[in-house]
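Secondary and tertiary structure notes
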Amino acid sequence: MKRIVIGMAAALSLFATGAMAADLAARPYVKAPVMDPVWSWTGWYVGANAGYSWGRSRTDVSYFNSATGAPIAPPAGSITSASFDMDGGIAGGQVGYNWQNANWVYGIEGDLQWSGEKGSAFYNCVGTVAPAGGVCLPGLTFLPAGGLAGTTLSIDQNLQWFGTVRGRVGILATPKVLFYGTGGLAFGEIKTTGRMTGFDGFGTPIASIGSTSTTRVGWTAGVGVEGKITQNWSAKLEYLYMDLGRYNAGTFTLAPALPISASVSSHFTDHILRAGINYQFGGPVVARY
């Protein structure tokens, strides 16, 4: 009886082992799932940028008698208006926040830039042939013995810095590539330096130099493309048009040696092209199987 029980146990053991082996052989090998990251654009970011700007200043000069305030109508041949380039390199930093909803990305960004943009122009108020008695048109320089004289004004302008606060709306061409439009507030400081020259009533050359700085507020709009390098790092290329409007750039004078002054009015616009890099804080990475 004992031998029968032992034989039955051995048979059952062999049957179970064979069944397990058959089951393992029949079950196919399944590869472990590979994590495919879903790129997230949601979150805060900071970055830096550099580029070049093509600025334009449209500057007008009006002359007046500094003693009486009466306007002076420049004679024919005078230069009282000019448009000149204000080009130069730019560099700065930005901070912003993005919120992603499906393929759309919404955000806000602020940036502050150093600017090397500058330009210059030349203006004059030509003199007149003065009679022998030394009489001349009010406010115009002259040579008392009779002769041709004039007042000149050279203007140098420099956009010292600027910044923007903008909204951004973009669409994802791929999970890693964003095309966007942007627009909002722009502001910046423009320094104007003027050098005025002329002759006093005795024909002696005179000159004066002055400068003013004005902080302006305007608007900006543009487009850009940004691509993910990793989940946290991205690179972008951006174009902005900026308009700081028309403003009083300063008043320059030869008084008290000569009662003539010039009021300068400018309108500044800018075309900005810059490349940048951003670092996004956090941001979830979701596994997709």
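Residues numbered from 1 in each chain as written. Predicted model: local features only at pLDDT ≥ 70, side-chain atom pairs only at ≥ 80, totals over all residues. Heavy atoms only, no water.

1. Description of the pattern of salt bridges
Proximity of charged atoms lets side chains of opposite charge pair with each other. Applying the stated criterion to the full structure yields ten salt bridges. Of the charged contacts, one joins Asp85 and Arg56 as a salt bridge, the two residues approaching to 2.5 Å between their closest N and O atoms. Remark: Arg56 occurs in strand β2 (residues 43–65) and Asp85 occurs in strand β4 (residues 81–101); sequence separation between them is 29 residues. Taking relative accessible area as the criterion, Arg56 reaches 28% and is therefore assigned partly exposed. For Glu238, the salt bridge is made with Lys236, and the minimal N-O distance between the two is 3.9 Å. The exposure class of Lys236 is buried, given its relative accessible area of 5%. Where salt bridges share partners, they join Glu109, Asp111, Arg166, Lys236, Glu238 and Arg274 into one cluster. (Salt bridge = Lys/Arg side-chain N within 4 Å of Asp/Glu carboxyl O. Helix = DSSP H or I, 4+ residues; strand = E, 2+ residues; numbered from the N terminus. Buried < 20%, exposed > 50% of the residue type's maximum accessible area, 1.4 Å probe, protein only.)

2. Focus on unusual backbone geometry
Here Ala255 and Pro256 are connected by a cis peptide whose omega angle stands at 5 degrees. When you line up the elements, Pro256 lands in the loop between β9 (233–253) and β10 (260–280). The phi torsion at Ala102 lies on the positive side, around 60 degrees, for a residue other than glycine. Inspection of the secondary structure assignment puts Ala102 in the loop between β4 and β5 (104–126).

3. Describing the nonpolar core
Considering soluble globular proteins, one finds that nonpolar side chains tend to be buried as a cluster. Counting 30 residues, the largest nonpolar core has Tyr63, Tyr123, Leu153, Leu159, Met196, Met242 and Phe268 as the members making the most contacts within it. Mapped by element, the contributors of at least two residues to this core are β2, β4, β5, β6 (150–174), β7 (177–199), β9 and β10. Not counting residues up to four positions away in its chain, the partners in contact with Met242 are Leu159, Phe162, Ala186, Trp219, Thr220, Phe268, Thr269, Asp270 and Ile272. Trp41, Val105, Leu178 and Tyr180 belong to the second-largest nonpolar core, a separate cluster that totals five residues. (Core = buried A, V, L, I, M, F, W, Y, C linked by side-chain atoms within 4.5 Å. Contact = heavy atoms within 4.5 Å.)

4. Describing the packing of aromatic side chains
Applying the stated criterion across every chain, the model contains seven aromatic pairs. Positioned above the aromatic ring of Tyr180 is the side chain of Arg168, whose terminal nitrogen or guanidinium carbon lies 4.3 Å from the ring centre. Taking the ring centre of Trp41 as reference, the NZ or CZ of Lys228 above it sits at 4.8 Å. (Phe/Tyr/Trp six-rings, centres within 6.5 Å; stacked < 30°, edge-to-face > 60°. Lys NZ or Arg CZ within 6 Å of the ring centre and 35° of its normal.)

5. Concerning the pairing of β9
Looking at chain direction, strand β8 (residues 205–228) and β9 are connected through ten bridges and run antiparallel. When the sheet's bridge partners are listed, Val223 is paired in β9 with Tyr239. Linking β8 to β9, which pair antiparallel, is a turn of four residues. Two successive antiparallel strands, β9 and β10, enclose a turn made up of six residues. (Pairing = 2+ DSSP bridges.)

6. Quick notes on the confidence of the model for the chain
Mean pLDDT over the chain: 83, with 77% of residues reaching 70 or higher. The secondary-structure element of the chain with the lowest mean pLDDT is strand β11 (residues 286–288), recorded at 45, while β4 shows the highest, at 97. Low confidence marks residues 8–12, where pLDDT is under 50. Its contacts with residues over four positions away, or in another chain, come to zero contacts. Across residues 128–148, where pLDDT falls below 50, the model places 45 contacts with residues more than four positions away in sequence or in other chains. (pLDDT = per-residue confidence, 0-100.)

7. Considerations on the side chain of Thr59
Its location among the elements puts Thr59 in strand β2. At a separation of 2.7 Å, a polar atom in the side chain of Thr59 contacts the side chain of Ser57. Within the local environment of Thr59, its side chain forms a polar contact with the side chain of Ser266, the two groups lying 2.8 Å apart. Non-local contacts of Thr59, meaning those with residues more than four positions away in its chain, are made with Thr80, Ser81, Ala82, Phe84, Tyr123, Gln157, Val264, Ser265 and Ser266. (Polar contact = N/O pair within 3.5 Å; in protein donor to acceptor, adjacent residues only side chain to side chain.)

8. With respect to a nonpolar patch on the surface
On the surface, a cluster of nonpolar side chains totalling about 540 Å² of accessible area is made up of Tyr52, Trp54, Val223, Leu237, Tyr239 and Leu273. Among the elements of the structure, β2 and β9 are those that each provide at least two residues to the nonpolar patch. Along the chain, Tyr239 falls in strand β9. For Tyr239, a relative accessible area of 31% corresponds to the partly exposed category. (Patch = residues over 30% accessible without salt bridge, like charges linked within 9 Å, V, L, I, M, F, W, Y side chains within 5 Å. Areas by Shrake-Rupley, 256 points an atom, 1.4 Å probe, with all protein chains shown as cover.)

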